[in-house]
Amino acid sequence: MKNIMNFVYRNSLWPLISAVAALWLCPETGEVRTLLLIVLVESIALFLSGVALTVYTKLDFSKDVASGNLGLIFLGVHICAGLTALAVYIAQSGL
């Protein structure tokens, strides 16, 4: 029970801040669609990071802390996903 309360205590601030920011910004349809697109692209990026980890390595990264390959794979996939979301947002907004 103590672990559950500790988890709730540590993770209760960021959903509150996100909700206040979303209400304060008053997003319109374009921003909401872009936010949902970013969520979709990031979920695909997490899937691709897992696939890349499985395909390109057979190392157990929990035992080998010195290796930075896992972080580089994760970083590369998310940079590509972020650039894709930015390009789609710019195309939708007509900048």
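Located above this text is the structure these notes cover.
Residues numbered from 1 in each chain as written. Predicted model: local features only at pLDDT ≥ 70, side-chain atom pairs only at ≥ 80, totals over all residues. Heavy atoms only, no water.

A word on the overall build of the chain
Convention followed: Each helix is a run of DSSP H or I of at least 4 residues and each strand a run of E of at least 2, with the numbering of both proceeding from the N terminus. Buried means the residue's accessible area, taken with a 1.4 Å probe over protein chains only, is under 20% of the maximum for its type, while exposed means over 50%, and partly exposed covers the values in between. For every accessible area listed, the method is Shrake-Rupley and the probe measures 1.4 Å; residues are considered covered only by the protein chains on display.
Along the backbone of the chain there are 4 helices and 0 strands. Its helices and strands taken in sequence order, the chain reads α-α-α-α from the N to the C terminus. A total of 95 residues make up the chain; the buried ones form 13% of that total. As presented, the chain carries roughly 7,900 Å² of accessible surface, and 74% of it is formed by carbon and sulfur atoms.

Some words on helix α3 (residues 29-56)
Basically, it comes down to this: By this rule, a helix spans an expected 1.5 Å times one less than how many residues it contains.
In this model α3 runs 40 Å from its N-terminal to its C-terminal C-alpha over 28 residues, within 8% of the 40 Å that 1.5 Å per residue would give. By the burial criterion, the buried members of α3 are T34, V41, A45, S49 and A52.

Overview of a nonpolar patch on the surface
Our working rule: Only residues above 30% relative accessible area that lack a salt bridge enter a patch, with like-charged residues linked at up to 9 Å and the nonpolar side chains Val, Leu, Ile, Met, Phe, Trp and Tyr linked at up to 5 Å. Take a side-chain nitrogen of Lys or Arg and a carboxyl oxygen of Asp or Glu: if they are within 4 Å of each other, that pair is a salt bridge.
A contiguous nonpolar patch, built from L40, I44, F47, L48, V51, V55 and Y56 and spanning about 720 Å² of accessible area, is present on the exposed surface. Turning to its location among the elements, Y56 is positioned in helix α3. What makes Y56 exposed here is its relative accessible area of 66%.

Overview of the environment of T84
Residue position: T84 is located in helix α4 (residues 69-93). Taking the relative accessible area as the measure of exposure, T84 reaches 43% and is therefore partly exposed. Sequence separation between T84 and L37 is 47 residues; the distance between their C-alpha atoms is 9.9 Å.

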